[in-house]
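Here's the letter readout for the chains.
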Amino acid sequence: MELKDKLISSFFAFEEQVDVNNDVHELRSKAIKDFETIGFPRKKEEDWKYTSLNSILKEDYSLFPKKESAIDYNDVKKYFIHDIDTYCIVFIDGIYSSQLSNTTHDKIDACLMSSALHSPKYKAIIENYFDKITPKDSGLNALNTAFSKEGAFINIPKNTMADRPIQILNFSTGNEAALMVQPRNLIVVGENSHVQIIERHQSLTENPVLTNSVTEIYAEKRAQLDYYKIQNDKGSASLIDSTYVEQKQESFCSVHTFSFGGKLVRNNLQFFQRGERIDSTMKGVTITEGKQHIDHNTLVHHIEPNCESHQDYKGIYGDKSTGVFNGKVLVEKEAQKTNAFQSNNNILVSDKATINSKPQLEIFADDVKCSHGCTIGQLDEEALFYLKTRGIPAKEARALLMYAFANNVLDSVKIPELKQRINKLIAQKLNVNLGFDL
Amino acid sequence: MLKIKNLHASVEGKEILKGINLEINAGEVHAIMGPNGSGKSTLASVIAGKEEYEQTNGEIILENEEISELEADERAHKGVFMSFQYPVEIPGVSVTNFMKTAINETRKAQGLKDMPAKEMLKKIREKSELLEIDRKFLSRSLNEGFSGGEKKRNEIFQMAMLEPKLSILDETDSGLDIDALRIVSNGVNKLRSKDNAVVVITHYQRLLDYIVPDYVHVLLDGKIVRSGGKELAHKLEEQGYDWIKEEVKVEG
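Just so you know, these numbers come straight off a predicted model, no measurement behind them.

1. Description of the overall build of chain B
Part 1 of the argument: Looking only at helices and strands, chain B features 9 helices and 12 strands.
Part 2 of the argument: On C-alpha atoms alone, chain B measures out to a radius of gyration of 18 Å, which is about the 18 Å that the 2.2 N^0.38 rule sets for 252 residues.
Part 3 of the argument: Excluding contacts between residues fewer than 6 apart, the proportion of contacts in chain B whose partners are at least 24 apart in sequence is 72%.

Listed below in structure tokens is the structure:
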């Protein structure tokens, strides 16, 4: 049976696991119909021109893991940012792990979607925010909504600083021959509030995993959010991550995406600016090898005046890997005095690597500052020669230059321990030991 | 220390060096002068091992070993150093960390263990004092946003740290004000010893007032056409290169 049919027919089995007498379930029921109509994206769609899901949709995925799995913390400790205090919301094969988690309801809520969806305490939040900004023309969103049951729920009330970063970790154990998971996260940052979030997907074996994740983020007036995505999964794991951010006036949101691993990774990242003097920042470092395929599809929707957006994506593509950057900036007629900057710089390390870079600017206002720039090049030979004359061998010299190339994205990571971790991941990915932590 | 015999080199098929012969002994300072486009910088790069420059003929012998086939980093491990006219910027990598990597990679190639941290710090402190380099400077990203003078001072600092046998200084005086020139030259002079040698490549006599050469060579159209003592540099400063060009033409 094709994956699409399998998903549709398993919806009945899914209904037995959830409370169907609930407003959310109406959304689910509608969503499964939408998915049936729309289906998975195809290459003929403009937004999917360079990314085909065919190879990953062929697997016979298990949709509901048979049993709960336990993992020993020591075996997965390295995937946590463990040298600072954090709250952790951890899932194993899509199921919440209380043993690995450290949730809270003290001043802020960092807990589970499953409880938020059905607890009277959060009814108003769910009504106000759940599934409000996910574009409805996407089959993948519909699919996720149809099966929405579990994920992270983070609610930072008004005038509150989250006292520590929150980690969202999704492990897959490989207990199933192939597994599909669909986390659904909801993050609400109240007026004048502040939070930092780190998200990671990690499979623990070489069994195929497909994650179709949807995250909705709402930043109220003057809220501040920094969101970091670490995508360093095994070569058998694929990820479709859709993250939607709605911002109110004077809020600041940044999303950093570090894409080093995974077979196929597609990031849909969209910002909607509903208020004045908003700042939206998205940055990414992508380093690929083998036959990896990593796609960044971004949108900033400038709806109101006096807002800013900053996009800075760096990519280093090796072997036969493929990268896609499709960045759209849409400036509405009312959005005067918009400042929108976009930059996408790429280095092709191998002759057989490919990058498709497609900046799109649609500007309907006449008093704006918008710029975009895209470069594709190789490592600078003169710079390599310089490093080699200092006794640094070619491999290490290349790594240093790649690191230097990606540096300004790393520079804006505000959690020092996280920055250090990412530096280590980069050194690992480039397979070098430079004798100091990058 | 260094013997260059009948060295020919081409860049993109065009012959730039047309038979260079040069012998440099330990303890000596040689200056190589010549007009623009005579091949001075090419000579420096070919000795240091730049891949894009094809050595079509001749030998480069460093301490009885032919090094023509070695990569630039392998030549560095054997004690060749080149100070760049335009040093490269490496954002995110501090001067200190860069030096640690360079020194420890060299030690690794020589079969030595990493330099102990304490020894490294001591060395960095000593050598930065020699070049009058501020501590804060060492934690800045390599060459990023450095002024011309800072870049050159940093090049000589690297030379001091790596303690090469043969140092080639390519246009080290360009872009330097008089104070920076004094500091850089002082550094080079203090690093001179009976065991190492320095090749100074320059357009102008100015630098040679500070780093006094034992020999001066004039490079013209890819060949060394005159060699002499430091007085040759003075003559060039006063009279330019035309007289040599004339003489060479007559001889030709």
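2. Details of the UniProt feature "domain: ABC transporter" (unreviewed entry) in chain B
Part 1 of the argument: Following the UniProt record, one finds the feature "domain: ABC transporter" (unreviewed entry) at residues 2-246 of chain B.
Part 2 of the argument: The distance from the first to the last C-alpha atom of residues 2-246 of chain B is 30 Å, and the span holds 38% helix and 29% strand.

3. As for the packing of helix α4 (residues 117-130) of chain B against helix α6 (residues 148-162) of chain B
Residue and element names in this part refer to chain B.
Part 1 of the argument: Interhelical geometry of α4 versus α6 gives an angle of 140° and a closest axis separation of 9 Å. When the axes of α4 and α6 are compared, the pair comes out oblique. Both α4 and α6 take part in a crossing whose hand is right-handed. Touching Lys123, Lys127, Ser128 and Leu130 of α4 are Phe157, Ala160 and Met161, all from α6.
Part 2 of the argument: A class-by-class count of the residues in the contact of α4 with α6 yields 4 nonpolar, 1 polar and 2 charged.

4. Details of the UniProt feature "domain: SUF system FeS cluster assembly SufBD N-terminal" (unreviewed entry) in chain A
Part 1 of the argument: When the UniProt feature table is mapped to this numbering, "domain: SUF system FeS cluster assembly SufBD N-terminal" (unreviewed entry) covers residues 22-168 of chain A.
Part 2 of the argument: Within residues 22-168 of chain A, the helical portion is 31% and the strand portion 14%, while the C-alpha atoms at the span's ends are 26 Å from each other.

5. Some details on the UniProt feature "domain: SUF system FeS cluster assembly SufBD core" (unreviewed entry) in chain A
Part 1 of the argument: UniProt annotation of "domain: SUF system FeS cluster assembly SufBD core" (unreviewed entry) refers to residues 175-405 of chain A when read in the numbering used here.
Part 2 of the argument: With 9% helix and 60% strand, residues 175-405 of chain A has its two end C-alpha atoms placed 39 Å apart.

6. Describing the sheet that holds strand β1 (residues 87-92) of chain A
Residue and element names in this part refer to chain A.
Part 1 of the argument: A sheet is described by the order of its strands in space; here 10 strands give the open sequence β2-β1-β5-β8-β10-β12-β14-β16-β18-β20, paired in mixed fashion. Edge positions in the sheet fall to β2 (95-96) and β20 (369-377), since each has one partner strand and no second.
Part 2 of the argument: In this structure, β1 lies alongside strand β5 (residues 166-172), joined through 6 bridges in parallel fashion. Note on β5: the bridge partner recorded for Ile89 is Ile168.
Part 3 of the argument: Relative to the sheet, helix α9 (residues 394-411) contacts β14 (279-288), β16 (308-317) and β18 (339-348), its axis offset from that of β16 by approximately 155°.

7. Things to note about the interface of chain A and chain B
Part 1 of the argument: Every contact between the two is made by 22 residues of chain A and, on the other side, 27 residues of chain B.
Part 2 of the argument: When residues of the side of chain A that touches chain B are traced back to their parent elements, those giving at least two are α8 (381-389) and α9 of chain A.
Part 3 of the argument: When residues in the side of chain A that touches chain B are grouped by element, the largest group, 8 residues, is from α9 of chain A.
Part 4 of the argument: Its residues assigned to classes, the side of chain A that touches chain B shows 12 nonpolar, 5 polar and 5 charged.

8. Here's the deal with the sheet that holds strand β11 (residues 215-220) of chain B
All names here are of chain B.
Part 1 of the argument: As summarised here, the arrangement of the 6 strands in space is β6-β9-β10-β3-β11-β12, forming an open sheet in which the pairing is mixed. Each end of this open sheet is capped by a strand with a single partner; those strands are β6 (80-83) and β12 (223-228). Taken pair by pair, the neighbouring strands of this sheet meet at an average axis angle of 20°, ignoring direction.
Part 2 of the argument: Where β6 and strand β9 (residues 166-170) come together, 4 bridges link them in parallel fashion.

9. What about the pairing of strand β10 (residues 224-231) of chain A?
A regular strand carries its side chains on alternate faces of the sheet.
Residue and element names in this part refer to chain A.
Part 1 of the argument: Of all 8 residues in β10, 7 are buried, a share of seventy percent or more.
Part 2 of the argument: Sheet topology note: the strand β8 (residues 194-203)/β10 ladder contains 7 bridges and is parallel. Within β10, the position partnered with Gln196 by the bridge is Asp226.
Part 3 of the argument: As defined by bridge partners, β10 adjoins strand β12 (residues 252-259) across 8 bridges and the pair is classed as parallel. In the sheet register, Ile230 faces β12, and the bridge partner there is Phe258.

10. Brief notes about helix α1 (residues 40-48) of chain B
All names here are of chain B.
Part 1 of the argument: Along α1, 9 of the 9 residues are buried, which leaves the element largely enclosed by surrounding structure.
Part 2 of the argument: All of the buried residues along α1 are Lys40, Ser41, Thr42, Leu43, Ala44, Ser45, Val46, Ile47 and Ala48.
Part 3 of the argument: After α1 finishes, the residue Gly49 shows a positive phi value of roughly 100°.

11. Quick notes on helix α3 (residues 95-109) of chain B
All names here are of chain B.
Part 1 of the argument: The end-to-end C-alpha separation of α3 is 21 Å, in line with the 21 Å expected for 15 residues at 1.5 Å each.
Part 2 of the argument: Across the 15 residues of α3, 11 count as buried, placing the element largely inside the fold.
Part 3 of the argument: Listing the buried residues of α3 in full gives Val95, Asn97, Phe98, Met99, Lys100, Thr101, Ala102, Ile103, Asn104, Glu105 and Thr106.
Part 4 of the argument: One or two steps after α3, the chain reaches Gly111, where phi turns positive at roughly 75°.

12. Things to note about the environment of Thr101 of chain B
Part 1 of the argument: Here Thr101 of chain B lies in helix α3.
Part 2 of the argument: Residues Thr101 of chain B and Asp114 of chain B lie 13 residues apart in sequence; the distance between their C-alpha atoms is 9.4 Å.

13. Some remarks on unusual backbone geometry
Most peptide bonds are trans, and most residues other than glycine sit at a negative phi.
All names here are of chain A.
Part 1 of the argument: Positive phi, close to 55°, is recorded for Asn159, a residue that is not glycine.
Part 2 of the argument: Judged by local crowding, Asn159 falls into the exposed class, with 11 C-beta atoms found within 10 Å.
Part 3 of the argument: The phi dihedral of Arg222 falls on the positive side, at around 55°, and the residue is not glycine.
Part 4 of the argument: If you trace the backbone, Arg222 turns up in the loop between β9 (209-219) and β10.
Part 5 of the argument: You can call Arg222 partly exposed: it has 19 C-beta atoms within 10 Å.

14. What to know about the environment of Lys395 of chain A
Part 1 of the argument: With respect to the helices and strands, the residue Lys395 of chain A is situated in helix α9.
Part 2 of the argument: A C-alpha to C-alpha distance of 22 Å links Lys395 of chain A and Ile355 of chain A, two positions 40 residues apart in sequence.

15. Considering the nonpolar core
Part 1 of the argument: Formed by 156 residues in total, the largest nonpolar core has its most connected members in Leu400 of chain A together with Ile168 and Val200 of chain B.
Part 2 of the argument: Looking at which element gives the most residues to this core, the answer is α9 of chain A, with 11 residues.

The rules behind the values
Residues numbered from 1 in each chain as written. Chains lettered and ligands numbered in written order. Predicted model: local features only at pLDDT ≥ 70, side-chain atom pairs only at ≥ 80, totals over all residues. Helix = DSSP H or I, 4+ residues; strand = E, 2+ residues; numbered from the N terminus. Rg over C-alpha atoms; globule rule 2.2 N^0.38 Å. Contact = placed C-beta atoms within 7 Å. UniProt positions renumbered as here; feature names shortened; annotations may be inferred. Axes fitted to C-alpha atoms, helices over the stretch in contact; angles between N-to-C directions. Parallel < 35°, antiparallel > 145°, perpendicular 65-115°, else oblique. Left-handed = near helix turned anticlockwise from the far one by under 90°. Nonpolar A, V, L, I, M, F, W, Y, C, P; charged D, E, K, R; others polar. Pairing = 2+ DSSP bridges. Buried ≥ 20, exposed ≤ 12 C-beta atoms within 10 Å, placed from the backbone. Expected span 1.5 Å × (residues − 1). Core = buried A, V, L, I, M, F, W, Y, C linked by C-beta atoms within 7 Å.

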